[in-house]
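Inside the fold
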Amino acid sequence: MESKNFRHAVFSMIVLAITLIFSLRYAGAQSGESFFKGQTITIIAGSSPGGGTDSLARLLSRHFSKHIPGNPKLVVSNVAGAAGLIAANNLYNRAPKDGTAIGTMATGLTFRTALRDPALKFQLEKFSYLGQIASEGNFVYVRSETPFGSIEAIKKANKEGKKPKFGAQAKEHNSNVVPMAMEAILGIDVDVVYGYPGTAEILLDIERGALDGRAHARGSLFATRSNWLEKNFIKVLVVTSPQRDSRLPNVPTLEEIAPADKKPLLEAMYSVQGRTFAMPPGVPPERVKILRDAFAAMFKDKDFQQDVDKLGWNDELIRGEELNKKVDELVHNELAMGFFRKILQ
Amino acid sequence: MLDAVVTATGEIFTFSRMAWLFGGVLLGSVIGFVPGIGGRTTLAILLPFIVKMDPASALVLIVGIHAIGNTADTIPAILFGIPGSTSATATVMDGFPMAKKGEAERAMGASFLSSGIGGLIGAFTVLATIPMIRPLILTFGNPEFFMTAILAIVMIALLTGGAPVKGLIVGGLGLLIGMIGDAPQTGVQRWTFDQLYLSDGIPLIPIALGVFAIPELIDMTLGATGTRIAAAAPITISSTKWRGVKDVAANWWLLVRSSFIGSWIGILPGIGSSSAIWLAYGHAVQSGKDKENFGKGDVRGVIAPEAANNASDAGDWCLTLAFGIPGSATMSLIMAAMLLLGLTPGPKMLTDHLHLTLVIVWSLVLANLMATGLCFAFTRQLAGITKLPVHYLFPVLIVLIFLAAYQSTADWGDLVALLGFSVIGVCMKRSGWPRPPLIVGMVLQRLAETYFFLTTKLYGFSWLTRPIVIILFGLTVWTIVHAVRRHSKAKARA
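Residues numbered from 1 in each chain as written. Chains lettered and ligands numbered in written order. Predicted model: local features only at pLDDT ≥ 70, side-chain atom pairs only at ≥ 80, totals over all residues.

With that out of the way, let us pick up the overall build of chain B. For chain B, the helix and strand inventory stands at 21 helices and two strands. For chain B, whose C-alpha radius of gyration is 22 Å, the value lies close to the compact-globule estimate of 23 Å for 494 residues. When burial is assessed residue by residue, chain B has 60% of its 494 residues classed as buried. A fraction of 80% describes how many contacts in chain B between residues 6 or more apart in sequence connect residues 24 or more apart. (Helix = DSSP H or I, 4+ residues; strand = E, 2+ residues; numbered from the N terminus. Rg over C-alpha atoms; globule rule 2.2 N^0.38 Å. Buried ≥ 20, exposed ≤ 12 C-beta atoms within 10 Å, placed from the backbone. Contact = placed C-beta atoms within 7 Å.)

This part takes up the overall build of chain A. Helix and strand counts for chain A come out as 15 helices and 11 strands. Put simply, of all contacts in chain A between residues at least 6 apart along the chain, 77% involve residues at least 24 apart.

Right, let's talk about the nonpolar core for a bit. In this structure, Leu209(B) and Ala337(B) are the most contacted members of the largest nonpolar core, which totals 245 residues. Residues contacting Ala337(B), with those up to four places away along its chain left out, are Leu47(B), Ile50(B), Val51(B) and Ile62(B). (Core = buried A, V, L, I, M, F, W, Y, C linked by C-beta atoms within 7 Å.)

On to the packing of helix H12 (residues 252–266) of chain B against helix H13 (residues 273–287) of chain B. All names here are of chain B. Across the interface, H12 lies against H13 with an axial gap of 9 Å and an inter-helix angle of 150°. With respect to each other, H12 and H13 are oriented roughly antiparallel. Handedness of the crossing formed by H12 with H13: right-handed. Residue-level inspection shows Leu254, Arg257, Ser258, Ile261, Gly262, Ile265 and Gly266 of H12 in contact with H13, the latter providing Ser275, Ala276, Leu279, Ala280, His283 and Ala284. (Axes fitted to C-alpha atoms, helices over the stretch in contact; angles between N-to-C directions. Parallel < 35°, antiparallel > 145°, perpendicular 65-115°, else oblique. Left-handed = near helix turned anticlockwise from the far one by under 90°.)

This part takes up the interface of chain A and chain B. If you look at the interface, chain A gives 39 residues, while chain B gives 38 residues. Counting only elements with at least two residues in the side of chain A that touches chain B, the list comes to helix H2 (51–63), helix H3 (85–93), helix H7 (199–208), helix H8 (218–224) and helix H13 (302–310) of chain A. Considering every element that reaches the side of chain A that touches chain B, the biggest residue donor is H7(A), with six residues. Residues that form the side of chain A that touches chain B fall into these classes: 18 nonpolar, 11 polar and 10 charged. (Nonpolar A, V, L, I, M, F, W, Y, C, P; charged D, E, K, R; others polar.)

A few words on the sheet that holds strand S4 (residues 128–132) of chain A. Residues and elements named next belong to chain A. Pairing within the open sheet is mixed, and its six strands lie in the order S2-S1-S3-S10-S4-S11. Because the sheet does not close on itself, it has two edges, and the strands there are strand S2 (73–78) and strand S11 (318–319). Where S4 and S11 come together, two bridges link them in antiparallel fashion. When the sheet's bridge partners are listed, Gln132 is paired in S11 with Ile318. Of the strands in this sheet, strand S1 (40–45), strand S3 (101–105) and strand S10 (276–279) touch H3, which is tilted by about 150° from S3. Those strands touched by helix H14 (residues 320–331) are S4, S10 and S11, and its axis lies near 110° from that of S4. (Pairing = 2+ DSSP bridges.)

The α-helix winds at 3.6 residues per turn, so residues separated by three or four positions along the chain end up facing the same way. Between its first and last C-alpha, helix H18 (residues 390–407) of chain B extends 25 Å over 18 residues, near the 26 Å set by a 1.5 Å rise per residue. Taken together, the buried residues of H18(B) touch helix H5 (74–80), helix H10 (204–222) and helix H19 (412–430) of chain B. (Expected span 1.5 Å × (residues − 1).)

A separate point is unusual backbone geometry. With phi around 40°, Asn71(A) is a residue other than glycine that occupies positive phi space. Residue Trp191(B) is not a glycine yet carries a positive backbone phi of 50°. Considering the arrangement of structural elements, one finds Trp191(B) in the loop between strand S2 (189–190) and H10.

Turning our attention to the packing of helix H4 (residues 55–72) of chain B against helix H16 (residues 354–377) of chain B. Relative placement of two packed helices is described by the angle separating their axes and the distance separating the axes. Residue and element names in this part refer to chain B. Close contact between H4 and H16 brings their axes to 8 Å; oriented N to C, the two are set at 40°. Taken as axis vectors, H4 and H16 run oblique relative to one another. Taken as a pair, H4 and H16 cross one another with a handedness that is right-handed. Contacts from Pro55, Ala56, Leu59, Val60, Val63, Gly64, Ala67, Ile68, Thr71 and Ala72 of H4 reach H16 at Leu356, Val359, Ile360, Ser363, Leu364, Ala367, Asn368, Ala371, Thr372 and Cys375. A per-class count over the contact of H4 with H16 returns 15 nonpolar, five polar and no charged.

Summing up the model confidence of chain A, the mean pLDDT is 84 and the portion of residues at 70 or higher is 86%. The low-confidence segment residues 24–29 of chain A (pLDDT under 50) makes two contacts with residues lying over four places distant or belonging to another chain. (pLDDT = per-residue confidence, 0-100.)

So, about the pairing of S1(A). Where a strand is regular, its side chains alternate between the two sheet faces. Residue and element names in this part refer to chain A. Here S1 runs beside S2; their pairing, made up of six bridges, is parallel. The residue of S2 that forms the bridge with Ala45 is Asn78. Where S1 meets S3, three bridges bridge the pair, whose relative direction is parallel. Residue pairing in the sheet places Thr42 in a bridge with Ala101 of S3.

As a further point, take the environment of Ile102(A). All names here are of chain A. Mapped onto the elements of the fold, Ile102 is located in strand S3. When the C-alpha atoms of Ile102 and Ile133 are compared, they prove to be 14 Å apart, with 31 residues separating the residues in sequence. Once you skip the residues sitting within four places of it in the chain, Ile102 turns out to touch Ile41, Ile43, Leu130, Phe277 and Met279.

This part is about the confidence of the model for chain B. The predicted coordinates of low-pLDDT regions are not to be read in fine detail. All names here are of chain B. In the predicted model, chain B carries a mean pLDDT of 83, and the fraction of residues at 70 or more is 93%. When the elements of chain B are averaged for pLDDT, helix H3 (residues 38–50) gives the smallest value, 72, and H19 the largest, 93. Reported for the predicted complex are a pTM of 0.78 and an ipTM of 0.77.

In this section: the environment of Ile202(B). All names here are of chain B. With respect to the helices, strands and loops of the structure, Ile202 is situated in the loop between S2 and H10. Residues Ile202 and Thr125, 77 residues apart in the sequence, show an inter-C-alpha distance of 36 Å. Setting aside chain neighbours within four positions, we find Ile202 in contact with Ile177, Ile180, Ile207 and Ala417.

Attention now moves to the environment of Asp191(A). All names here are of chain A. Locating Asp191 in the fold gives a position in strand S7 (residues 191–193). In this structure Asp191 comes out as partly exposed when scored by C-beta crowding, with 15 C-beta atoms within 10 Å. The spatial distance from the C-alpha of Asp191 to the C-alpha of Thr42 is 40 Å, given a sequence separation of 149 residues. Discounting residues that sit within four places of it in the chain, Asp191 has contacts with Lys163, Pro164 and Lys165.

Structure (structure tokens):
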């Protein structure tokens, strides 16, 4: 009788153990790899369909899934407005925190952080960053026929009371911030006309002669207006990446011509150039890791590389962990934040 | 050039390309019929598949989906007074009253044919003027865009509804509603009351549905049981699509002028078809000898905006292809697709890739013909819907309206906006206030504000002396004087 009870107890223990193992395994899987199987990940693009940010989100939607275990579906949802602020607010506050929401992060968000904009409903450093596709610099150029063909020429024109007119989108958009930063670093005077609805309208006004030039993301210039370079319609003054661009090796970097005492400010500017993806805070760490690894794996994919080339983007990868560290340092760097405030106000 | 024509013709007239084109037209027509989705969303969804195709087939499919949208979005506008997209809002003005008179088939016949011919005139106008387009675009800058927006708002405010002051007030209200959300220049939040939903402005579709569709639906439902949309008409079909065709033939000169207005607005980047249709509608009212019937079911009020709408599309294509300047959000998407297909829109499309440009022109022509033919074939069946008792239609329509409104941002706010603007719409309809200026004011607010800001920043006061600005200003003043005189004459007669 006793042995029967004992056998019963042993059998029950085995059943219990198996159930536990399975349930634990299931729970583990739920929080990790197989969680993504059959799921749909929404990529929140902070712009309307078309345009750079949207193209970027759609690029991710095409290539990301095959590198995530479980191959979830990827859908792009466009949340336009306020240069990506609304999308970021949504991502931080309303999107699910289970790894099924990813957002594009506009660089202007850093500037709004510096300005302590009350419209920000998030802390920039608390997002879980996925990675950065292209740490893009800008070309700053003017029409060749203007009297502003070099930094020296601009300085000379400044003395005569003339300033080059640069076109820009929103106040916190790179197209405004880069010329403003250049002004502060090089001690020149430029007039930035911001408020253009998009990049196409700025380019048209340059052609019309209403504007003298602009700061333009490197990839975008090559993808859409390489003929301007071929025809010498524009003269590129400077590139704002740490290294010269191999396609225009004669154009100096801003770093090369910046006075030594202004160089620390360059780091702040580099930190906000790029096309970044993030997740809301609170996503389980193992899922964050899976997605970060998948993001890095995507960079080694040939199809992905081909598409990136066609869009004219550089394909340097900055991993999410590193980005989180960089953003955290940046928002606590009072020198950089003060610099952003000064150029924006 | 001749080589390219031969290659392009050879490329498009193959079984697979024609199948892609027709497939695109079919898909686009289904989506055009459902209010609120539109060709742009379809293209965005299909983009990953499209970029895997060979460039010519991909372009043919894109044109097919895109071309029918402007023709098919008229169907709900005429049948139920529900604009399928913002570019169909002007057609509601006279199309829906025609349906109520039992003339849905006539209205659709006229609309489809004008769309088709407008599209063709647009395509040929644009082709013929390609060498002149660049100088034209370059002379038309921010000050001219601003004045065009103002002219469009004034025209609509004064010419729809026969009450100029009420029209201006409603147009002004539209401008104010358009200002809700972040300011485009500074990102400062205006009248958002800390609501995230309002920070991007209230989307247009819930407002348009609330202001136009719900009041009509309520009025129809409040009628006796068994009321039909075409309540005023006998059960037997009183008009045919051929009557619509005759109308188009009789008004061919209006059709041509409207198509020119459309093509012209189409090649101006940043203005868009929503201004083109209203400028054409305004022009039809202004130039018509007998104006009493406008807004009550005048076929000219259908012909003019429909022709302009499709014609403006041709201009938009040209801008995107030849100059790499997308004139609308849909075109930006098409441009992104082209980049991924390895084609850079710009002058090279007229040299290195000329045959592909001609494939697009061919596809536009064929897609317009297919779209017109397809819509034409089903006109009678569609018109039959207006003979059904409203209590059968009501549940279907109300679901469609709520779905379309919720499509805008997928937020509860969309439904609240729909309900709020339904109340406003009902009040406006009952007390005889014109409703279109509200929508036009909203649509053009952002353009007007942006271009005014840029104009004053770039030109100071000197923009006031630019010749085209003076002409547009003159036209605006003339429109006001004309409307006031017409109104006072009508009053004197009464």
